Amino acid sequence: ERLGDKASDAAATTTRSERTMAAKETDLLEEMDLSSVECLNQATGKDWGNALKQGYREDAGLFCASDDDEQLIITIPFRQIVYLSSIAIQGPADGTAPKVVKIFVNKPNLSFDNCAKKATEQLTLTADQVTNGEQLELDFTQFQNVRVVSIFVDSNQGGGDVTNVSKIIINGAPVHTTNMSELKKC
């Protein structure tokens, strides 16, 4: 049994390194369809662009802030199918940064009514992780063939009514597929 375990561990390691070598994992900002991003319960003037868009997310003073309560849903479609390898969610050290975050894959119509369902992955962020924007590995098997990712912020570090997100970085790579319409007849 131990030999079998070692063989499967080696296979998993090989698969991971082959995947990394085959497709460079990077910030998927350029793969995001930013014109179609949606955010539920965002405060006026403190929208999702502050956490996602290049230039805005680098400014620690800009936030995507919740409005009526601490919860937010940010739905991000991609221009092509991708796989996700890690995510970093950053917020301020004042207790308003996200704490419990649920990530859903390929659920484009996620709402507050249906986000109680089982998420693809649930993260409980520590104050240090979210203040520093630490990259958190995602379960590779659950984040393949992603067209849309939805991030549901369920609670914040301090338990207050406002959640602030200053930066979201999603890492991964496009899944290379063949576009049949581009093939030419012989």
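The rules behind each value
Residues numbered from 1 in each chain as written. Predicted model: local features only at pLDDT ≥ 70, side-chain atom pairs only at ≥ 80, totals over all residues. Heavy atoms only, no water. Helix = DSSP H or I, 4+ residues; strand = E, 2+ residues; numbered from the N terminus. pLDDT = per-residue confidence, 0-100. Contact = heavy atoms within 4.5 Å. Buried < 20%, exposed > 50% of the residue type's maximum accessible area, 1.4 Å probe, protein only. Pairing = 2+ DSSP bridges. Phe/Tyr/Trp six-rings, centres within 6.5 Å; stacked < 30°, edge-to-face > 60°.

**Student:** Explain unusual backbone geometry to me, please; I cannot follow it from the model alone.
**Tutor:** Although it is not a glycine, Asn106 sits at a positive phi angle of roughly 55°. Among the structural elements, Asn106 can be located in the loop between β5 (100-105) and β6 (121-124). One non-glycine residue, Asn145, lies in the positive phi region at around 55°. Among the secondary structure elements, Asn145 is positioned in the loop between β7 (136-137) and β8 (146-153).

**Student:** In this structure, what is going on with the confidence of the model for the chain? I would like to understand it.
**Tutor:** Reading fine detail from the predicted coordinates is not recommended where pLDDT is low. Summary statistics for the chain give a mean pLDDT of 87 and a share of 82% for residues scoring 70 or more. The least confident element of the chain is helix α1 (residues 2-22), whose mean pLDDT is 45; the most confident is β8, at 98. Here residues 6-22 is a poorly scored stretch, pLDDT under 50, and it has eight contacts once near neighbours within four places are set aside; other chains count.

**Student:** What am I meant to see in the pairing of β8 here?
**Tutor:** For a regular strand, the rule is simple: side chains alternate between the two faces of the sheet. The buried count for β8 comes to seven of eight residues, which makes it a mostly enclosed element. Judged from the seven bridges that link them, strand β4 (residues 72-90) and β8 form a sheet pairing that is antiparallel. Each residue of the ladder has a partner; that of Ile74, found in β8, is Ile151. In terms of strand pairing, β5 meets β8 through five bridges, oriented antiparallel. Bridge pairing in β8 links Lys102 to Phe152.

**Student:** Help me understand the packing of aromatic side chains in this model?
**Tutor:** One pair of aromatic rings is described through two measures. These are the centre distance and the angle between the planes. For the coordinates displayed, the defined rule picks out two aromatic pairs. Arranged with centres 5.5 Å apart and planes meeting at 85°, the rings of Tyr83 and Phe140 form a pair that is edge-to-face. With Tyr83 in strand β4 and Phe140 in the loop between β7 and β8, this residue pair connects regions lying 57 residues apart in the sequence. Residue class for Phe140 comes out partly exposed when judged on its relative accessible area of 23%. Taking 6.2 Å as the distance between ring centres and 70° as the angle between the ring planes, the aromatic pair formed by Phe112 and Phe152 counts as edge-to-face. In this pair, Phe112 is assigned in the loop between β5 and β6 and Phe152 in strand β8, connecting sequence segments 40 residues apart. By relative accessible area, Phe112 is classed as partly exposed at 31%.

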